[in-house]
Amino acid sequence: MTMLRKFWTVAAVTVALCAGSASANEYKLGSLQVGHPWTRVTPGKTGSAYLSVTNTGAEIDRLVGASSPAADKAELHTHQMDGDVMRMRPVQAIEVPPGESAVLKPGGLHIMLLGLKAPIRVGMRVPLTLRFEKAGNVDVELSVETVGATEPDHAGHKATN
């Protein structure tokens, strides 16, 4: 193999690897775009998943469920004030209107992971299947952030309160 051919082979492999990692935390399903799915480190049996869903289509869709082999059960939840106490409550679905985004984040809408089969640790990738009413299912991987994270680590720095 000539030196020039080796160079182009290495360059092509490098571009392919970079392209794959650039989109590793964004997923597309029809007119829905799922961005930056993540979770926090948890030593116990319960965790939460966060992400955004953007609807670029002309029809409303709804996130109606989720599942993960890492947990016995996944439920859609929201936070609501009950007097002076913030409580989590299950919801049947999360609407994603056309041209808008639904953002699942700490202190708001989120996915509860119940009955975790093992503690979640930094460096893990946690599989999660999202079920949409119209678009169907999409498999994503949750990146794992530190305990106090309030959003995913996009720039190499942990985001905390």
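Residues numbered from 1 in each chain as written. Predicted model: local features only at pLDDT ≥ 70, side-chain atom pairs only at ≥ 80, totals over all residues. Heavy atoms only, no water.

1. Let's talk about the pairing of strand 1 (residues 26–29)
Logical step 1: Of the two faces of strand 1, the one lined by Tyr27 and Leu29 is fully buried and the one lined by Glu26 and Lys28 carries no buried residue.
Logical step 2: Pairing analysis gives 4 bridges linking strand 1 to strand 2 (residues 32–40), with the strands arranged antiparallel. In the sheet register, Glu26 faces strand 2, and the bridge partner there is Gly35.
Logical step 3: In this antiparallel pair of consecutive strands, strand 1 and strand 2, the connection spans 2 residues, and Gly30 shows a positive phi of 60°. (Buried < 20%, exposed > 50% of the residue type's maximum accessible area, 1.4 Å probe, protein only. Helix = DSSP H or I, 4+ residues; strand = E, 2+ residues; numbered from the N terminus. Pairing = 2+ DSSP bridges.)

2. Comments concerning unusual backbone geometry
Logical step 1: In the Ramachandran plot, His36 falls in the positive-phi region, its phi being about 45° despite a non-glycine side chain.
Logical step 2: Along the polypeptide, His36 turns up in strand 2.
Logical step 3: Overall, His36 belongs to the partly exposed group, its relative accessible area being 25%.

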